[in-house]
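Geometric and topological summary
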Amino acid sequence: MDTILLITVLVVIGALAFDFINGFHDTANSIATSVSTKALTPRRAIILAAVMNFVGAMTFTGVAKTISKDIVDPFTLQNGSLVILAALIAAIAWNLITWYYGIPSSSSHAIIGAVAGAAIAASGFGALHYSGFLKIIQALIISPILAFAVGFIFYAIIKAIFKNNQNLTKTNNRFRKVQIVTAAFQAYSHGTNDAQKAMGIITMALIANGYTNSTDIATWVQVSCAVAMGLGTAVGGWKIIKTVGGKIMKIRPVNGVAADLTGASVILGASFIGLPVSTTHVITSSILGVGSSHRLRGVKWGTAKTMVITWFITLPISASIAAISYFVLHMIFGDIG
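About the cut-offs
- Residues numbered from 1 in each chain as written.
- Predicted model: local features only at pLDDT ≥ 70, side-chain atom pairs only at ≥ 80, totals over all residues.
- Heavy atoms only, no water.
- Helix = DSSP H or I, 4+ residues; strand = E, 2+ residues; numbered from the N terminus.
- Rg over C-alpha atoms; globule rule 2.2 N^0.38 Å.
- Buried < 20%, exposed > 50% of the residue type's maximum accessible area, 1.4 Å probe, protein only.
- Areas by Shrake-Rupley, 256 points an atom, 1.4 Å probe, with all protein chains shown as cover.
- Lys, Arg positive; Asp, Glu negative; His and termini not counted.
- Charge placed at Lys NZ, Arg CZ, Asp CG, Glu CD.
- Core = buried A, V, L, I, M, F, W, Y, C linked by side-chain atoms within 4.5 Å.
- Contact = heavy atoms within 4.5 Å.
- Expected span 1.5 Å × (residues − 1).
- Phe/Tyr/Trp six-rings, centres within 6.5 Å; stacked < 30°, edge-to-face > 60°.
- pLDDT = per-residue confidence, 0-100.
- Salt bridge = Lys/Arg side-chain N within 4 Å of Asp/Glu carboxyl O.

1. Considering the overall build of the protein chain
For the protein chain, the count of helices and strands is twelve helices and zero strands. Relative to a compact globule of 337 residues, whose C-alpha radius of gyration would be 20 Å, the protein chain shows 20 Å and is just as compact. Overall, the protein chain is about 70 × 35 × 35 Å in size when its C-alpha atoms are taken along their principal axes. Looking at the protein chain as a whole, 58% of its 337 residues qualify as buried. When the accessible surface of the protein chain is summed, it comes to about 13,500 Å², and 69% of that surface belongs to carbon and sulfur atoms. On the protein chain, the mean spot of the 22 positive side-chain charges and the mean spot of the 9 negative ones are 29 Å from each other.

Below is the structure:
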């Protein structure tokens, strides 16, 4: 097996591993509220999320195309396959570290920061497509702010509609049933965005190594990434479920429905226009928005602060790990185009 083919195989394996880890790392984001409110048992919630993640991953490819061409140019990237492999190593490492400590960090930030860091290590800052890269960063920043605002407003509307409802138990039971549907919708939206990041990474490697000359996503790439994310989701992320589902605020069925619909709508909207967003940021921010609208003092802002700090440090840390990984890989393999 020649070096280029070996690196390509390693990238594909690494991308599928990243997708699998992304699945169990981010499973909690899509089902934590439904588990917390007992709308679904953990086992049923994870099965539902795995199926809907797979379906979502098979629906869109716009985000994958954005990842494959808007951060760097895969057609001209120096030592492109080493850059991509280094990025995957860094993103996987950071995902595993944050999963181990139960911190719902952003897989999107990790892979985007890692690609940028490895590309800069290989070719300097001129390797970045600044217009595309800044567009992605803007989407990552704006989406959680939008989710917070929409969650706040949406829950305020629900409160106004049901303010005179005397039978709170019956209302909660109804919302608990509705939440099964909203949890499925949220898991579906998660698949439409997160699984595509690995598809874009594999496509970058195929272009960089001369196996394709198009940014179109091959069917085998889409299916394999969808399967990897579905399987990862089936494994579950219990540590993060505990954080998202209980350490931000006490979630009731009505809160869960509002948060699920808010997060899913923002994520699906981003997928529709081909922009990668952090599902972790969006879903957590929607819970914070709903919680603030319900009762500002009921939100555990200490947990939220820890998450925000993690969000901000993910980009530079993943970029740094990727740069170091690139230099190590370059020492091992040398220049390979």
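2. Description of unusual backbone geometry
Residues apart from glycine generally show negative phi values, whereas peptide bonds are mostly found in trans. Phi at Asn79 takes a positive value of approximately 50°, unusual for a residue other than glycine. With respect to the helices, strands and loops of the structure, Asn79 is situated in the loop between helix H3 (62-70) and helix H4 (80-100).

3. Considerations on the nonpolar core
Soluble globular proteins: nonpolar side chains tend toward being buried together. The biggest cluster of nonpolar side chains holds 59 residues, and the ones touching the most others in it are Ile71 and Ile201. Listed by contribution, the elements that provide at least two residues to this core are helix H1 (3-36), H3, H4, helix H5 (107-123), helix H6 (130-161), helix H7 (168-208), helix H8 (219-235) and helix H12 (301-333). It is H4 that provides the largest number of residues to this core, a total of eleven residues. Among residues more than four places away in sequence, those in contact with Ile71 are Thr66, Ile112, Val115, Ala116, Ala127, Leu128, His129, Phe133 and Ile136.

4. Quick word on the environment of His25
Note that His25 resides in helix H1. When its relative accessible area of 1% is taken as the criterion, His25 is described as buried. A C-alpha to C-alpha distance of 9.4 Å links His25 and Ile103, two positions 78 residues apart in sequence.

5. With respect to H6
Residues three or four positions apart in an α-helix share a direction because the helix packs 3.6 residues into each turn. The end-to-end C-alpha distance of H6 is 46 Å, a good match for the 46 Å that 32 residues give at a rise of 1.5 Å each. Of all the residues in H6, the buried ones are Gly132, Phe133, Ile136, Ile137, Ala139, Leu140, Ser143, Pro144, Ala147, Gly151, Tyr155 and Ile158.

6. A word on the environment of Trp99
Within the secondary structure, Trp99 is located in helix H4. Taking C-alpha positions, Trp99 is 23 Å from Ile202, a pair spaced 103 residues apart along the chain.

7. Notes on the packing of aromatic side chains
Taken as a whole, this structure holds one aromatic pair when the rule is applied. Aromatic side chains Tyr326 and Phe327 sit 5.9 Å apart centroid to centroid with 65° between the ring planes, which places their arrangement in the edge-to-face category. Classification of Phe327 as partly exposed rests on a relative accessible area of 47%.

8. Looking at the confidence of the model for the protein chain
Regions with low pLDDT carry predicted coordinates that are not meant to be interpreted in detail. With 91% of its residues at a pLDDT of 70 or more, the protein chain shows a mean pLDDT of 86. Of all secondary-structure elements in the protein chain, the lowest mean pLDDT belongs to helix H9 (residues 238-247), at 52, while H5 reaches the highest, 93.

9. Here's the deal with helix H10 (residues 253-272)
Here H10 contains 20 residues, and its C-alpha end-to-end distance of 28 Å stays within 8% of the 28 Å for a straight helix at 1.5 Å per residue. In terms of residue burial, H10 counts as a mostly covered element, since 15 of its 20 residues are buried. Positive phi appears at Gly274, one or two residues downstream of H10, with a value of about 80°.

10. Let's talk about the pattern of salt bridges
For the structure on display, the rule yields four salt bridges. Here Lys65 ties to Asp216 by a salt bridge, and the two come within 3.3 Å at their closest N and O atoms. In this pair, Lys65 sits in helix H3 while Asp216 sits in the loop between H7 and H8, placing the two residues 151 residues apart along the sequence. Of the residues examined, Lys65 reaches a relative accessible area of 28% and is grouped as partly exposed. Between Lys69 and Asp70 there is a salt bridge whose closest N-O contact spans 3.2 Å. One network of salt bridges, in which partners are shared, links Lys69, Asp70 and Lys135.

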